[in-house]
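Per-entry structural report
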Amino acid sequence: MIATMLIVMIVLLVMGFPMMVPMMAASIVLLFFLPNVNSMFVVQQMMEGISSYVLLAVPLFIFAADIMSTGKTSQRLLDFVGAFIGHLRGGYAITTAAACTLFGSISGSTQATVVAIGTPMRKRLLSVGYKDSSAIALIINASDIALLIPPSIGMIIYGLAAPSVSVGDLFIAGIGPGLLIFFMFAIYSYIHAKIYNIPLAEKYSWKKRRQVTVKALLPLGFPVIIVGGIYFGIFSPTEAAGISVLYALILELVIFRTIKLPDIPRIALSTGLVTSAVFILVAAGQAFSWLISYARIPRALTESVLGTDPTALQVLIIVAIFFFIGCMFIDPIVVILILTPIFYPVAIAAGVDPIHLGVVIVFQAALGSATPPFGVDIFTASAVFNKSYLDVIKGTPPYIIMLLIASVLIILFEEISLFLL
């Protein structure tokens, strides 16, 4: 049964079908082995998968990110960060990582961050002597921070797949790991620039710094509103998403006037296309997860891999391996939806904190998103920068090594994730 499902999914993936098709095909195959299950249950589960109130946050955060990408928010953030650290050794690379972190705290999407920050920063990195492969590798890996810090779409999906876990707590728990990655990338950028003698950029005057700071104050209000509002219990993550859309519209439409009212339908259409793809994956993932749970495949799988009485550390290591490998080949949303119901009960029984488990899972999703052979950010960068697959992945090994080290630290020291809770 399991072998047949895997063969069907692999064949359809190789043939180039979108991920929802292999999942639904595998679900149909599984129905043949479960004659007592009415096919209408699959449809009901698909509807159940996208009926959660929490999922309302996804299109709203995507819409806010699209509005800001169309406007000048990302450019104002870049100018602000660059004004203070651009002149340091490796300053442009550090600026890239910092800008990805800041924009990630607004968009929650790795791919949106690649587009919004990667396009202008790649030109700046090339202008001061960085190799194109190094610049692209930094951009796609720093963009993965967006999957960890609020308003992370990965955390929202995990909160949907894991029962009784607060998305607000997940958002707060992702801040520590996100900052850890940024500091590791910043240190590496300094050392890399020193070794390869990358020229220093021009140092901004304090007058210029004041000017760019004033321009960036309102965009910097996004993470303050989202994180502060959730942390102090002023509003829920879903309400924060609605507020972020309103704030983005006020900034770009009324204050900055970088977009016009007729642009809104076009931006909304782009958001709708992305949201529909996400929701189709969520619906198909819910049906697939329910069927494999009904067939008791998760229990058989976890017992064969972990035994009957695993420790918390053993569970976290196995979870990290499975999710990392899965996200190297498949969209992170799908992997989180399918594998979380399998490992969540075992992890909780072993004494793993559900928030810490969520951070480990989403971290592996971020790591796998930029890791060959099929990390989704690799193909996003290839399309955005018009570069070949091999050119995009050429500079990624140092960043993958750093992320693996960070993954070990997060597994061993849960305080990195939970110190703000």
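Right above here is the structure, for reference.
In this report, the structure presented in the accompanying data block is examined. Worth saying up front: this structure is predicted, and the values here are computed from it rather than measured.

Cut-offs applied
Residues numbered from 1 in each chain as written. Predicted model: local features only at pLDDT ≥ 70, side-chain atom pairs only at ≥ 80, totals over all residues. Heavy atoms only, no water. Axes fitted to C-alpha atoms, helices over the stretch in contact; angles between N-to-C directions. Helix = DSSP H or I, 4+ residues; strand = E, 2+ residues; numbered from the N terminus. Parallel < 35°, antiparallel > 145°, perpendicular 65-115°, else oblique. Left-handed = near helix turned anticlockwise from the far one by under 90°. Contact = heavy atoms within 4.5 Å. Nonpolar A, V, L, I, M, F, W, Y, C, P; charged D, E, K, R; others polar. Core = buried A, V, L, I, M, F, W, Y, C linked by side-chain atoms within 4.5 Å. Buried < 20%, exposed > 50% of the residue type's maximum accessible area, 1.4 Å probe, protein only. Phe/Tyr/Trp six-rings, centres within 6.5 Å; stacked < 30°, edge-to-face > 60°. Lys NZ or Arg CZ within 6 Å of the ring centre and 35° of its normal. Patch = residues over 30% accessible without salt bridge, like charges linked within 9 Å, V, L, I, M, F, W, Y side chains within 5 Å. Areas by Shrake-Rupley, 256 points an atom, 1.4 Å probe, with all protein chains shown as cover. Salt bridge = Lys/Arg side-chain N within 4 Å of Asp/Glu carboxyl O.

**Some details on the packing of helix 13 (residues 221–231) against helix 14 (residues 237–255)**
Axis separation between helix 13 and helix 14 bottoms out at 10 Å; the angle between their running directions is 160°. Considering the angle they form, helix 13 stands roughly antiparallel to helix 14. Crossing hand, helix 13 versus helix 14: right-handed. Contact residues: Gly221, Phe222, Ile225, Ile226 and Ile230 in helix 13; Pro237, Ala240, Ile243, Ser244, Tyr247, Ala248 and Leu251 in helix 14. A per-class count over the contact of helix 13 with helix 14 returns ten nonpolar, two polar and no charged.

**Comments concerning the nonpolar core**
Of all hydrophobic cores here, the largest spans 134 residues; its most connected members are Tyr158 and Leu357. With twelve residues, the single largest contributor to this core is helix 18 (residues 332–349). If sequence neighbours within four positions are ignored, Leu357 has contacts with Tyr158, Leu316, Val319, Tyr344, Ala347 and Val352. Counting ten residues, the second largest nonpolar core, distinct from the first, contains Val114, Ala370, Ile378 and Phe385.

**Some words on the environment of Thr311**
For Thr311, the location among the structural elements is in the loop between helix 16 (297–306) and helix 17 (312–329). By relative accessible area, which is 43% here, Thr311 ends up partly exposed. For the pair Thr311 and Gly351, spaced 40 residues apart in sequence, the C-alpha to C-alpha distance is 7.9 Å.

**What about helix 8 (residues 132–142)?**
Counting buried positions over the eleven residues of helix 8 gives eleven, a clear majority of the element. Listed in full, the buried residues belonging to helix 8 are Asp132, Ser133, Ser134, Ala135, Ile136, Ala137, Leu138, Ile139, Ile140, Asn141 and Ala142. The inward-facing, buried residues of helix 8 abut helix 6 (91–107), helix 7 (110–127), helix 11 (175–195), helix 20 (376–385), helix 21 (389–393) and helix 22 (397–412).

**Quick notes on the packing of aromatic side chains**
This model, assessed by the stated rule, comprises ten aromatic pairs. Ring centres of Phe61 and Phe171 lie 6.5 Å apart, and the angle between their planes is 65°; this geometry places the pair in the edge-to-face category. On the criterion of sequence distance, the pair formed by Phe61 in helix 4 (residues 57–70) and Phe171 in helix 10 (residues 167–173) is long-range, its members being 110 residues apart. A single burial state applies to Phe61 and to Phe171, both of which are buried. Ring centres of Phe84 and Trp206 lie 6.2 Å apart, and the angle between their planes is 70°; this geometry places the pair in the edge-to-face category. Placement of the pair is Phe84 in helix 5 (residues 73–85) and Trp206 in helix 12 (residues 206–216), with a sequence separation of 122 residues. The exposure class assigned to Phe84 is partly exposed, which follows from its relative accessible area of 31%. Accessibility expressed as a relative area gives 56% for Trp206, which makes it exposed. Cation over ring: Arg76 sits above Phe256, and NZ or CZ is 3.7 Å from the ring centre.

**Structural notes on the environment of Lys208**
Locating Lys208 in the fold gives a position in helix 12. Exposure remark for Lys208: the relative accessible area of 38% places this residue in the partly exposed category. Taking C-alpha positions, Lys208 is 7.6 Å from Ala83, a pair spaced 125 residues apart along the chain.

**Points about a nonpolar patch on the surface**
A surface patch of nonpolar side chains, about 710 Å² in accessible area, is lined by Leu313, Ile317, Ile321, Ile325, Phe329, Val408, Leu412 and Phe413. Breaking the nonpolar patch down by element, the ones donating at least two residues are helix 17 and helix 22. Residue contributions to the nonpolar patch peak at five residues, all from helix 17. By the element assignment, Val408 lies in helix 22. According to the relative accessible area criterion, Val408 is partly exposed, its value standing at 44%.

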